[in-house]
Amino acid sequence: MTFWRTTIGKKMVMAVTGVAMLVFLVLHVAGNLLVFVGATKLDAYSAFLKQQAVVLWTARLVLLAAVVTHVTAAYQLARRDHAARHTAYADLDPQTATIASRSMRVGGIVIAVFVIFHLLHLSTGTLRPAPFVATHVYANVVGGFRIWWVCAIYFVALAAIGLHLYHGAWSWSRTLGLSRPSATPLHRPIATVVSVALWAAFTSIPLAILVGFVR
Amino acid sequence: MNLSLDVWRQSDHHSPGRFVRYEVADVTPDMSFLEMLDVLNERLTMAGDEPVAFDSDCREGICGSCGMMIDGVAHGPLRAVATCQLHMRHFREGAKIRVEPWRAAAFPVVKDLVVDRSAFDRIIAAGGFISTSTGSAPDANDILVRKEAADAAMDAAICIGCGACVAACPNASAALFTAAKITHLGLLPQGQPERTRRVLAMVKSMDEEGFGNCTWHGECQAACPKSISIDTIARMNRDWVRASLFEPRD
């Protein structure tokens, strides 16, 4: 528990759980992109996943644990940071902080709310902007993303995820002390590619459906 | 040059503070920022007013005494210098400049622009030293240090403890200061015997002093008058996790 009580320890837990969620996103988008192959493939992939009940539920529980610890640590550290600067500057001019680094907390809240909406929309089918049949994944996706406001919610959330990753996919290795010394420690070519690629791949799906490229 | 300053005035830690506007005339571009404040203070004193309190000592960028937020930037707009080495030529004629003390719960305001940085002393006291006798000058050459390690250690040892890293950090984190000390000693052979104990104790002390945590904005590195790299923080974290999980406690 000393590990968890220390700021560095808590931050390391956030780094590890963040990477776990990043790995999930890569697998998630790889499956999602089957929407461009066709209804048969996507529905078959979904059915295949559901047959692997043990693997699926293990992954879901690991992810849930990752989300809960990530958010708990973030909340506790944010409160601590707020107390550490209880008097704000009249004037603070950031020199190197990016929009991404400064929006990690607000962006994190946006993402958390979106994940709940997303699960209710396409996993459980509780929210039904369009007709929903659990086994007809392709039809559910296409039906949902034909509606402009559903797409708008996804576009905003995916931008928030992209920004969150632009900072997180770079900083995690520094938090864990894995990065090697560099003359330009703020440069992040790999994180840039990862965040832009994931944002673009996820966004391409509602966009393609909204403009009628995928029907 | 004629300048208009908004300076934070606060009589002590318990009193509320406020910005006071001062018009400062006849400033030469060759004055340092502190000399410009000296000019202001002379005039305030002559007029029977209380001079603006600020810390300074060597005025050549090596002691770490001075430091203030100038227009929202720690040590002002010029990179890699302390406030004493910032000259008025970097401001334009008629500039309106806001001057604030470092703001952090762990750095309470003593008076005006003076803050209490003894939290740093306590972090050092927790482990920022070596207990072995290093002998006299000739003995220093008995222990060989790799050139790369010596260079990297000196790049961290250059920290003057001014507190700009804490001041500039949106979280008021002391990670760069603590990491610089840990890196400096951890890279040298003389620092090895206490390396595990040192990182655990200094990080514990840093947390206990009420500093925030590092979220990698990189602001500390930009504010540091000695340009110490945030790579030292990654190194501190590596040392800390190794000490926490893998090293036997002594």
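Residues numbered from 1 in each chain as written. Chains lettered and ligands numbered in written order. Predicted model: local features only at pLDDT ≥ 70, side-chain atom pairs only at ≥ 80, totals over all residues.

### A look at the overall build of chain A
Reasoning step 1: Helix and strand counts for chain A stand at nine helices and zero strands.
Reasoning step 2: Element order for chain A, N to C, with α for helix and β for strand: α-α-α-α-α-α-α-α-α.
Reasoning step 3: Across the 215 residues that make up chain A, the buried fraction comes to 29%.
Reasoning step 4: Look at the contacts in chain A between residues 6 or more apart in sequence, and 74% of them connect residues 24 or more apart. (Helix = DSSP H or I, 4+ residues; strand = E, 2+ residues; numbered from the N terminus. Buried ≥ 20, exposed ≤ 12 C-beta atoms within 10 Å, placed from the backbone. Contact = placed C-beta atoms within 7 Å.)

### Examining the interface of chain A and chain B
Reasoning step 1: Contacts between the two partners involve 36 residues from chain A and, on the opposite side, 39 residues from chain B.
Reasoning step 2: Grouping the amino acids of the side of chain A that touches chain B by side-chain chemistry returns 16 nonpolar, 13 polar and seven charged. (Nonpolar A, V, L, I, M, F, W, Y, C, P; charged D, E, K, R; others polar.)

### A look at unusual backbone geometry
Residue and element names in this part refer to chain B.
Reasoning step 1: Phi angles above zero are rare outside glycine, and D26 is one such case at about 55 degrees.
Reasoning step 2: Take D26: it is sitting in the loop between β2 (18-24) and α1 (33-46).
Reasoning step 3: Phi angles above zero are rare outside glycine, and H75 is one such case at about 65 degrees.
Reasoning step 4: Positionally, H75 belongs in the loop between β4 (73-74) and β5 (96-100).

### Considerations on the sheet that holds strand β1 (residues 3-9) of chain B
Strand pairing in a sheet relies on backbone hydrogen bonds, with the paired strands running either antiparallel or parallel.
Residues and elements named next belong to chain B.
Reasoning step 1: Reading across from one edge, β2-β1-β5-β3-β4 is the order of the five strands in this open sheet, with mixed pairing throughout. Of all strands in the sheet, those bounded by a partner on one side alone are β2 and β4.
Reasoning step 2: Across two bridges, strand β3 (residues 69-70) lies against β5 in antiparallel orientation. If you follow I70 over to β5, its bridge partner there is V99. (Pairing = 2+ DSSP bridges.)

### Topic: the pairing of β5 of chain B
Reasoning step 1: Judged from the four bridges that link them, β1 of chain B and β5 of chain B form a sheet pairing that is parallel. Bridge assignment links V7 of chain B to a residue of β5 of chain B, and that residue is V99 of chain B.

### Some words on the confidence of the model for chain B
Reasoning step 1: This prediction gives chain B a mean pLDDT of 96; 99% of its residues lie at or above 70.
Reasoning step 2: Quick note on the complex model: pTM equals 0.96, ipTM equals 0.95. (pLDDT = per-residue confidence, 0-100.)

### Points about the environment of W199 of chain A
Residue and element names in this part refer to chain A.
Reasoning step 1: Summarising the element assignment, W199 is placed in helix α9 (residues 189-210).
Reasoning step 2: Exposure remark for W199: the 20 C-beta atoms within 10 Å place this residue in the buried category.
Reasoning step 3: In the structure, W199 is positioned 192 residues away from T7 in sequence and 30 Å away in space, judged by C-alpha atoms.
Reasoning step 4: Filtering out sequence-adjacent residues up to four positions away, W199 remains in contact with L158, A159, I161 and G162.

### Brief notes about the packing of helix α6 (residues 104-123) of chain A against helix α8 (residues 148-175) of chain A
All names here are of chain A.
Reasoning step 1: Packing of α6 against α8 leaves a shortest axis separation of 9 Å and a crossing angle of 135 degrees. With respect to their mutual orientation, α6 and α8 come out oblique. With respect to the hand of their crossing, α6 and α8 are arranged in left-handed fashion. Contacts between α6 and α8 involve M104, G107, G108, V110, I111, F114 and F117 from the former and I153, A157, A160, I161, L163, H164 and H167 from the latter.
Reasoning step 2: Of the residues in the contact of α6 with α8, the class split is ten nonpolar, four polar and no charged. (Axes fitted to C-alpha atoms, helices over the stretch in contact; angles between N-to-C directions. Parallel < 35°, antiparallel > 145°, perpendicular 65-115°, else oblique. Left-handed = near helix turned anticlockwise from the far one by under 90°.)

### Some remarks on the environment of V67 of chain A
Reasoning step 1: With respect to the helices, strands and loops of the structure, V67 of chain A is situated in helix α4 (residues 53-84).
Reasoning step 2: With 17 C-beta atoms counted inside 10 Å, the residue V67 of chain A sits in the partly exposed group.

### Notes on α1 of chain B
All names here are of chain B.
Reasoning step 1: Between its terminal C-alpha atoms α1 stretches 20 Å, which fits the 20 Å expected from 14 residues at 1.5 Å a residue.
Reasoning step 2: Listed in full, the buried residues belonging to α1 are F33, L34, M36, L37 and L40. The buried residues of α1 occupy one face: seen down the axis, they fall within an arc of 155 degrees. Residues of α1 that are exposed and angled more than 90 degrees away from the buried face: E42, T45 and M46.
Reasoning step 3: Packed against the buried residues of α1 are β1, β2 and β3.
Reasoning step 4: At the C-terminal side of α1, G48 shows a positive phi close to 85 degrees. (Expected span 1.5 Å × (residues − 1). Arc of directions from axis to C-beta.)

### Points about the pairing of β1 of chain B
Reasoning step 1: Sheet analysis places β1 of chain B next to β2 of chain B, joined by seven bridges and oriented antiparallel. Within β2 of chain B, the position partnered with S4 of chain B by the bridge is E23 of chain B.

### Focus: the packing of helix α2 (residues 7-32) of chain A against α4 of chain A
Residue and element names in this part refer to chain A.
Reasoning step 1: For the pair α2 and α4, the least separation of the axes is 9 Å and the interaxial angle reads 140 degrees. It follows from the interaxial angle that α2 and α4 lie oblique. The handedness of the crossing between α2 and α4 is left-handed. For the pair α2 and α4, contact is made by T7, K10, K11, V13, M14, T17, G18, A20, M21 and F24 and by V62, L63, A66, T69, H70, A73, A74, Q76, L77 and R80, respectively.
Reasoning step 2: A class-by-class count of the residues in the contact of α2 with α4 yields eleven nonpolar, six polar and three charged.

### So, the nonpolar core
One broad rule of soluble globular proteins: the nonpolar side chains tend to lie buried together.
Reasoning step 1: If you look at the biggest cluster of nonpolar residues, it comprises 108 residues, and the most contacted ones within it are A104, C165, V166, A167, A168, L176 and A223 of chain B.
Reasoning step 2: The dominant element in this core, judged by the number of residues it contributes, is α8 of chain A, at twelve residues. (Core = buried A, V, L, I, M, F, W, Y, C linked by C-beta atoms within 7 Å.)

### Overview of helix α9 (residues 231-245) of chain B
Reasoning step 1: The end-to-end C-alpha distance of α9 of chain B, which contains 15 residues, comes to 21 Å, matching closely the 21 Å that a straight helix rising 1.5 Å per residue would cover.
Reasoning step 2: Those residues of α9 of chain B not exposed but buried are D231, T232, I233, A234, R235, M236, N237, D239, W240 and V241 of chain B.
Reasoning step 3: On its buried side, α9 of chain B packs onto α2 and α8 of chain A together with α4 (147-157), α6 (175-186) and α7 (195-208) of chain B.

### Considering the environment of A126 of chain B
Residues and elements named next belong to chain B.
Reasoning step 1: Structurally, the position occupied by A126 is in helix α2 (residues 118-127).
Reasoning step 2: The sequence separation of A126 and K96 amounts to 30 residues, and the corresponding C-alpha distance is 42 Å.
Reasoning step 3: Once residues lying within four places of it in the same chain are set aside, the contact partners of A126 are A201, M202, K204 and S205.

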